[in-house]
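Reading the structure
The primary structure of each chain is shown beneath.
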Amino acid sequence: MSLYSAGVEYGIHCLLFLVGEGGESRDSSVRDLAELQGVPQEYLAKVFTKLARAGLVAATEGVRGGFRLARPAAEINVLDIVNAIDGPKKIFDCREIRERCTLFEGSPPAWATEGTCAIHAVMLGAQKRMEEALVQQTILDLARRFGRKAPAEFGQQVNSWMGERREGKGGGDIPVSQV
């Protein structure tokens, strides 16, 4: 079982497609992003509601409405996205088992319960390092890494595909407040 939901993966992938050439934001509808990536549109709409509430994306108005990044891609880190979609998550929940040793006969001595549980301390350190790693990676970093991996033709195909959708679109997304 994974710590983060599929929504986190969907959200990060979508935000990558909202990063245009040069790192500027481009607009797209949830419908188009869902179709482009083969993910469920209804679920993705809920993800975008959470991203909008967190101030990571903003709705665009008009016939060609959709969403764009609400701030520069270099200022949106992966932990921002994770927390927006799944909320803060602990990787460990200490149950204070150290207090339950049968040898203590229901009354654990102070030495056994003083301070933070050593196991909990290790897990807190791991959580801190994981969150620090997620904070260090921005959506712009990921977009650049993806851009180096994908052939130039793919970027051109994405731009063309999204441009065709924007030109032929008759209506935008459902406003976030109504999703």
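Our subject is the structure listed above.
Keep in mind the model is a prediction, meaning the values are calculated, not measured.

A short note on the packing of helix 3 (residues 41-53) against helix 4 (residues 78-86)
- Two elements in contact, helix 3 and helix 4, have axes whose closest approach is 8 Å; the angle formed by their N-to-C orientations is 115 degrees. Pair helix 3 / helix 4 crosses with right-handed handedness. Contact residues: helix 3 offers Val-47, Lys-50 and Leu-51, while helix 4 offers Ile-81, Ala-84 and Ile-85.

Some points on the nonpolar core
- Formed by 38 residues in total, the largest nonpolar core has its most connected members in Leu-15, Leu-33, Leu-44, Phe-48, Leu-51, Ile-81 and Ile-139.
- Looking at this core, the elements that each hand over two or more residues are helix 1 (6-18), helix 2 (30-37), helix 3, strand 2 (66-69), helix 4, helix 7 (139-149) and helix 8 (152-168).
- In terms of residues, this core owes the most to one element, helix 1, which gives seven residues.

Considering the environment of Ala-54
- Among the structural elements, Ala-54 can be located in the loop between helix 3 and strand 1 (57-60).
- Between the C-alpha atoms of Ala-54 and Asp-80, which are 26 residues apart in sequence, the distance is 8.2 Å.

A word on the packing of aromatic side chains
- In this structure the tally under the stated criterion is four aromatic pairs.
- Ring geometry for Phe-146 and Phe-154: centres 5.8 Å apart, planes at 70 degrees, overall edge-to-face.
- Residue classification places Phe-146 among the partly exposed positions, given a relative accessible area of 39%.
- Given the relative accessible area of 29%, Phe-154 is considered partly exposed.

Parameters and conventions
- Counting from 1, residues in each chain are numbered in the order their sequence is written.
- For a predicted model such as this one, the threshold for reporting local features is a pLDDT of at least 70, and the threshold for listing and counting side-chain atom pairs is 80 or more; totals across whole chains, interfaces and linings nevertheless cover every residue.
- Based on all heavy atoms of the structure, the side-chain values leave hydrogens and waters out of the count.
- Only C-alpha atoms enter the line fits that serve as axes; for helices the fit covers just the stretch in contact. Angles between N-to-C directions range over 0 to 180 degrees.
- In this description a helix means any DSSP run of H or I spanning at least four residues, a strand means any run of E spanning at least two, and both kinds are numbered starting from the N terminus.
- Crossings are assigned a handedness: left-handed for a near helix turned anticlockwise from the far helix by less than a right angle, right-handed for a clockwise turn.
- Note on contacts: a residue pair qualifies if any of its non-hydrogen atoms lie within 4.5 Å across the two residues.
- Note on terminology: a nonpolar core comprises buried Ala, Val, Leu, Ile, Met, Phe, Trp, Tyr and Cys residues joined through side-chain atoms within 4.5 Å.
- Categorising residues by exposure relies on relative accessible area from a 1.4 Å probe, with only protein chains included: less than 20% of the type maximum marks a residue as buried, more than 50% marks it as exposed, and the intermediate range marks it as partly exposed.
- Put simply, two rings from Phe, Tyr or Trp (the six-membered ring, in Trp's case) pair if the centres are within 6.5 Å, and we call them stacked under 30 degrees between planes, edge-to-face over 60, tilted for the rest.

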